[in-house]
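# Fold and contact review
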Protein chains: 2
Amino acid sequence: MKGFTVWFTGLPCSGKTTLARRLEKALLEKGRVSSVLDGDEVRERICKGLGFSKEGRDENIRRISFVAREVTKTGGAAIACAISPYKALRAAARAEIGNFIEVFADCPVKVCATRDVKGMYKKAFAGEIKNFTGVDDPYEAPENPEVRVRTDQESEEACVEKILAKLRALGYLSA
Amino acid sequence: MKGFTVWFTGLPCSGKTTLARRLEKALLEKGRVSSVLDGDEVRERICKGLGFSKEGRDENIRRISFVAREVTKTGGAAIACAISPYKALRAAARAEIGNFIEVFADCPVKVCATRDVKGMYKKAFAGEIKNFTGVDDPYEAPENPEVRVRTDQESEEACVEKILAKLRALGYLSA
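Residues numbered from 1 in each chain as written. Chains lettered and ligands numbered in written order. Predicted model: local features only at pLDDT ≥ 70, side-chain atom pairs only at ≥ 80, totals over all residues.

Moving on to the packing of helix H3 (residues 54–73) of chain A against helix H3 (residues 54–73) of chain B. Where H3(A) contacts H3(B), the axes come no closer than 9 Å and their chain directions differ by 35°. Here H3(A) runs over H3(B); the crossing is right-handed. Contacts from A:Val67, A:Glu70 and A:Val71 in H3(A) reach B:Val67, B:Glu70 and B:Val71 in H3(B). For the contact of H3(A) with H3(B), the per-class residue count stands at four nonpolar, no polar and two charged. (Axes fitted to C-alpha atoms, helices over the stretch in contact; angles between N-to-C directions. Helix = DSSP H or I, 4+ residues; strand = E, 2+ residues; numbered from the N terminus. Left-handed = near helix turned anticlockwise from the far one by under 90°. Contact = placed C-beta atoms within 7 Å. Nonpolar A, V, L, I, M, F, W, Y, C, P; charged D, E, K, R; others polar.)

Written out as structure tokens, the structure is:
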């Protein structure tokens, strides 16, 4: 089977994890188990001690990219969830992974902030957290992602269907 | 395809990497790409800053186990090379990975030491390196590995053939 990585990028609370879990479920229904490389588990399993400085966050991305590469090259499906705000790091992930489907979870900052149950945006706007993507740290939006979803305008089902359609169009899933 | 992990354990210089690369090649000839999780690359990609204390080495094993698990669950073939001297950590890797083929690269310390091009054993015997497995740090040999190879007595070809035979017997490779 042809391996691939669906790489979600977007602001904090833009809907990456929600869509990743739905995509995982949709793929499982087609008989395909995915490796979901997401926040807390990745931090716990391969990133202990990294912290949230720019260096720490960049290294986090590079480690997710490594695991996704290994899953992809052995024929598996990886689903990476990472803010991954910098184009250069996403380009490096794309280059090493190869079969790379970039999904831009596009959503205005103010909508993301209303979804934030942990209150991170509030703290970032108040200056209590520094280097928060979308507030005082840049998010470099993808110019040509394989899929762009507007999570504030499209339903979750519609977003996942767009991703599945792209996977079929690229030959990663049978039609 | 059914995923699996071949987990090499054994003393430093017992032949784990050599066999892993040969196994990788043999699997590739059967059309199967493997993820070889070995020393330097793993250290560079997911273990920067860990160091070689007991904690650092244990964490290194747990990270390899995580990657092998993700590769295995998505249907891929992983080949892990790690001294992995402690039974408890190997048991934890086996438990989380599931389809786990433990290969014990068995070789007497004195033979391993003669193969050591980096001179690590010499330094360990001289007390210049501390906590060196097989010298002043324990190696807990597996009691019931799926495969045991005596790398000082069997040819590389014979060792790899034993592993392939076990993979076939367990249904991971077609006969």
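Moving on, there is more to tell.
Below, the discussion takes up the relation of the copies chain B and chain A. A rotation about some axis, followed by a shift along it, carries one copy of the chain onto the other. In screw terms, the move from chain B to chain A is a rotation of 180° and a rise of 0.0 Å along the axis, fitting with an RMSD of 0.0 Å. When the rotation and shift are considered jointly, the pair of chain copies conforms to a two-fold rotation axis. Judged by C-alpha distance, B:Val71 is the residue of chain B that lies nearest the rotation axis, at 2.4 Å. An overlap of 100% is found between the interface residues of chain B and their copies at the interface of chain A, pointing to a shared contact surface. (Least-squares fit on C-alpha atoms with pLDDT ≥ 70 in both.)

Residue and element names in this part refer to chain A. The strand order E2-E3-E1-E4-E5 describes an open sheet built from five strands, whose pairing is parallel. Edge positions in the sheet fall to strand E2 (34–37) and strand E5 (147–150), since each has one partner strand and no second. Here the average twist between neighbouring strands, direction ignored, is 15°. Of the pairings in the sheet, the one linking strand E1 (residues 4–10) to strand E3 (residues 77–81) comprises five bridges and is parallel in character. Counterpart to Val 6 in the pairing with E3 is Ile 79. (Pairing = 2+ DSSP bridges.)

Moving on to the pairing of strand E3 (residues 77–81) of chain B. All names here are of chain B. Counting buried residues along E3, five of its five residues qualify, which places the element largely inside the surrounding structure. In this sheet, E3 lies alongside strand E2 (residues 34–38) in parallel orientation, the contact comprising five bridges. Paired with Val 36 across the two strands is Ile 79, which belongs to E3. (Buried ≥ 20, exposed ≤ 12 C-beta atoms within 10 Å, placed from the backbone.)

Glancing now at the interface of chain B and chain A. When the parts of a complex come together, some accessible area is lost, and that lost area is often taken as the interface size. Every contact between the two is made by 19 residues of chain B and, on the other side, 19 residues of chain A. For the side of chain B that touches chain A, the secondary structure elements donating two or more residues are E2, helix H2 (39–46) and H3 of chain B. Examining the composition of the side of chain B that touches chain A, we find that seven residues originate from one element, H3(B), more than from any other.

This next bit is on the environment of A:Arg43. By secondary structure assignment, the location of A:Arg43 is in helix H2 (residues 39–46). Once the C-alpha coordinates of A:Arg43 and A:Lys166 are considered, the two residues, 123 residues apart in sequence, prove to be 29 Å apart.

All right, on to the nonpolar core then. Among the nonpolar cores identified, the biggest contains 94 residues, and A:Leu37, A:Ile79, A:Ala80, B:Leu37, B:Ile79 and B:Ala80 are the most heavily contacted of them. When sequence neighbours within four positions are dropped, the list of residues in contact with B:Ala80 reads B:Thr5, B:Trp7, B:Phe8, B:Leu37, B:Ile64 and B:Ala68. (Core = buried A, V, L, I, M, F, W, Y, C linked by C-beta atoms within 7 Å.)

In this section: the packing of H3(A) against helix H4 (residues 87–97) of chain A. Residue and element names in this part refer to chain A. Two elements in contact, H3 and H4, have axes whose closest approach is 9 Å; the angle formed by their N-to-C orientations is 20°. Judged on the interaxial angle alone, H4 and H3 are roughly parallel. For the element pair H3 and H4, the recorded crossing hand is right-handed. The segment H3 lies against H4, with Asp 58, Ile 61, Ser 65, Ala 68, Arg 69 and Thr 72 engaging Leu 89, Ala 92, Ala 93, Glu 96 and Ile 97. Here the contact of H3 with H4 is composed, by residue class, of six nonpolar, two polar and three charged. (Parallel < 35°, antiparallel > 145°, perpendicular 65-115°, else oblique.)

As a further point, take the confidence of the model for chain A. Parts of the model with low pLDDT should not have their predicted coordinates read in detail. Within chain A, residue pLDDT values average 95, and 100% of them lie at 70 or more. Scored as a complex, the prediction yields pTM 0.95 and ipTM 0.94. (pLDDT = per-residue confidence, 0-100.)

Residues and elements named next belong to chain B. Tracing the backbone through its elements, the reader meets Thr 133 in the loop between helix H6 (120–125) and strand E5 (147–150). Given 21 C-beta atoms within a 10 Å radius, Thr 133 is considered buried. Counting along the chain gives 12 residues from Thr 133 to Tyr 121, while the straight-line C-alpha distance between them is 9.3 Å. Once you skip the residues sitting within four places of it in the chain, Thr 133 turns out to touch Leu 11, Pro 12, Ile 83, Pro 85 and Tyr 139.

What follows is about the sheet that holds E5(B). Backbone-to-backbone hydrogen bonds pair the strands of a sheet. The strands run either parallel or antiparallel. Residue and element names in this part refer to chain B. Taken in spatial order, the five strands line up as E2-E3-E1-E4-E5 in an open sheet, and their pairing is parallel. Either end of the sheet is taken by a strand with one partner, and the two such strands are E2 and E5. Averaged over all pairs of adjacent strands, the angle between strand axes in this sheet comes to 15°, irrespective of strand direction. Lying over the sheet, helix H4 (residues 87–97) contacts strand E1 (4–9) and strand E4 (100–106), oriented at roughly 150° with respect to E4.

Residue and element names in this part refer to chain A. Counting buried positions along strand E4 (residues 100–106) yields seven of seven residues, so the element is predominantly enclosed. Burial of E4 is two-sided: the residues Phe 100, Glu 102, Phe 104 and Asp 106 facing one way and the residues Ile 101, Val 103 and Ala 105 facing the other way are all buried. In the sheet, E1 pairs with E4 via six bridges, with the strands oriented parallel. Bridge pairing in E4 links Thr 9 to Phe 104. Pairing geometry for E4 and E5, over four bridges, is parallel. Bridge pairing links Val 103 to Val 147 in E5.

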